Amino acid sequence: MPSLLHEGLIALVRDKPEFAAGLLRELLHVDVPEFTEARLAEASLNELVPTEYHADAVVLFVDGRAVFGSIFEAQLQEDPRKRFTWPVYTVNARARFECPFVLVVVTPDAATAQWASQIIEIGGGTSWAPLVVGPDGVPIITDVERARREPELAVLSVMAQGSGDTQTAVSIALAAAKALDGVSEEQRVLYLALI
């Protein structure tokens, strides 16, 4: 059963799919093509073989047609099986939506981020690696105005940077909490629970 932390990480993307482009561009330095719409796509990435692969969130960037896609996976701890399924997710999504795809692992845990970022040997000299957003890649957001402009990133900042130095953790949490005026009531309840 997914935890609040797992579901919260994915809700940041599901609630605002265009947030995915910001993460890709600003935190991972991925050249996301220009698009007019970011929309959630079906997260089941099945093959003809009766095996179901279900990603946490799939975001398509569309400009008349799909121009780029991203799969978001919340990962709270190591799971050796993911090193076999993540490449499948990416290839299946690329085939289904006929555009380039990346897989992004989001984790608030530094050890899990290091594990997830390891290169996966596919075979025959081919290798693949997911993009990873871990605590080292998430900015410390204490500025309330920035938090208001980017409430999802502010909540992610709390999740990734909210431990350690108490004063910093409180500053991050307060900025994120003050940024929730512009989100729906359902989002506010979830985001406050995550904070």
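Residues numbered from 1 in each chain as written. Predicted model: local features only at pLDDT ≥ 70, side-chain atom pairs only at ≥ 80, totals over all residues. Heavy atoms only, no water.

On to unusual backbone geometry, then. Backbone geometry at His 29 places phi at a positive 60 degrees, although glycine is not the residue there. Mapped onto the elements, His 29 comes out in the loop between helix H2 (19-27) and strand S1 (37-41). According to the relative accessible area criterion, His 29 is exposed, its value standing at 67%. Of note, the phi angle at Glu 98 is positive, near 55 degrees, even though the residue is not glycine. Tracing the sequence through the fold places Glu 98 in the loop between helix H3 (82-97) and strand S4 (101-106). Take Glu 98: its relative accessible area is 69%, and that puts it in the exposed class. (Helix = DSSP H or I, 4+ residues; strand = E, 2+ residues; numbered from the N terminus. Buried < 20%, exposed > 50% of the residue type's maximum accessible area, 1.4 Å probe, protein only.)

This next bit is on the environment of Trp 128. Its place among the elements puts Trp 128 in strand S6 (residues 126-128). Relative accessible area serves as the criterion here: at 19%, Trp 128 is assigned to the buried category. For the pair Trp 128 and Phe 97, spaced 31 residues apart in sequence, the C-alpha to C-alpha distance is 20 Å. The residues touching Trp 128, leaving out its near neighbours within four places in the chain, are Trp 86, Pro 87, Thr 90, Leu 103, Ile 119, Ile 120 and Ile 122. (Contact = heavy atoms within 4.5 Å.)

Here helix H7 (residues 166-178) contains 13 residues, and its C-alpha end-to-end distance of 18 Å stays within 8% of the 18 Å for a straight helix at 1.5 Å per residue. The set of residues buried in H7 consists of Ala 169, Ile 172, Ala 173, Ala 175 and Ala 176. Down the axis, H7 shows its buried residues gathered within 165 degrees of arc, on one side only. For H7, the exposed residues lying more than 90 degrees away from the buried face are Thr 166 and Gln 167. (Expected span 1.5 Å × (residues − 1). Arc of directions from axis to C-beta.)

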